[in-house]
Amino acid sequence: MSKTTRHDTREQLLAIGEQLCLQRGFTGMGLSELLAQAGVPKGSFYHYFRSKEAFGVAMLERYFSHVRHDMQIWFDAPLPPRQRLLDYYHQAEQRFRATGHIENCLAVKISAEVCDLSEEMRVALEQGAAAQMAILATALRAAVAQEALRLSCSPEAMAQTLYSLWLGASLQSKIRRDGSALTDALQAILQLLPES
């Protein structure tokens, strides 16, 4: 098998696995179904991943890499930094209102499920979240430097607060099946990020 074919098959397994995890959770995702949907022969899984846990780590790393890329594009946009921050959360709330669910957020779907099952997956989640918070902290520092924003704490602490607030609101919205928690979180973010 060529390196390109091996990489393509591995990528296909990860992409299909992510969709299955979004539907069923990590423990609910069966390897037989994954292989069948990917068109990969049974027994071939271990040619690509040493275990289901290793697959989970690779899937999370792939997911967070895409999230970081999308966030970086968003926060590199030529808008004032405070506005970019507010728009980032506002568009996420609007997407929920349009679709009625948290779209494609693997962290929301499986974080509580896997943290006690797999230390390696917990670390992948922690590192992915830290990378997102670093992007938020950079945007917050830029907003403070431009005197567009006053913070009551460091940009790093505020990034942690924003991430935790939004993750919690996303979980609540999933539980309630309505966007009120995201709307409340958005209002809280407006108060946490006052103009200078």
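Conventions used here
Residues numbered from 1 in each chain as written. Predicted model: local features only at pLDDT ≥ 70, side-chain atom pairs only at ≥ 80, totals over all residues. Heavy atoms only, no water. Helix = DSSP H or I, 4+ residues; strand = E, 2+ residues; numbered from the N terminus. Buried < 20%, exposed > 50% of the residue type's maximum accessible area, 1.4 Å probe, protein only. Contact = heavy atoms within 4.5 Å. UniProt positions renumbered as here; feature names shortened; annotations may be inferred. Phe/Tyr/Trp six-rings, centres within 6.5 Å; stacked < 30°, edge-to-face > 60°. Lys NZ or Arg CZ within 6 Å of the ring centre and 35° of its normal.

(A) Representation of the environment of Glu195 in the model. Its location among the elements puts Glu195 in the segment after helix H9 (180-192). Glu195 sits in the exposed class, given a relative accessible area of 55%. Once the C-alpha coordinates of Glu195 and Ala131 are considered, the two residues, 64 residues apart in sequence, prove to be 25 Å apart. Not counting residues up to four positions away in its chain, the partners in contact with Glu195 are Arg82, Ala148, Leu149 and Arg150.

(B) Structural context of the UniProt feature "DNA-binding region" (unreviewed entry) in the protein chain. Mapped onto the present numbering, the UniProt feature "DNA-binding region" (unreviewed entry) falls on residues 30-49. End C-alpha atoms of residues 30-49 are separated by 15 Å, and the span's content is 60% helix alongside 0% strand.

(C) View of the packing of aromatic side chains. With the rule as written, the count across this model stands at nine aromatic pairs. With 5.1 Å between their ring centres and 85 degrees between their planes, Phe45 and Tyr46 make a pair best called edge-to-face. Overall, the relative accessible area of 1% leaves Phe45 in the buried class. Relative to Phe64, the ring of Tyr63 has its centre 5.0 Å away and its plane inclined at 65 degrees; by these criteria the two rings are edge-to-face. The rings of Trp74, Phe75, Tyr88, Tyr89 and Trp166 are connected pair by pair, giving a single aromatic cluster. When the ring centre of Phe26 is taken as reference, the NZ or CZ atom of Lys52 above it lies at 4.8 Å.

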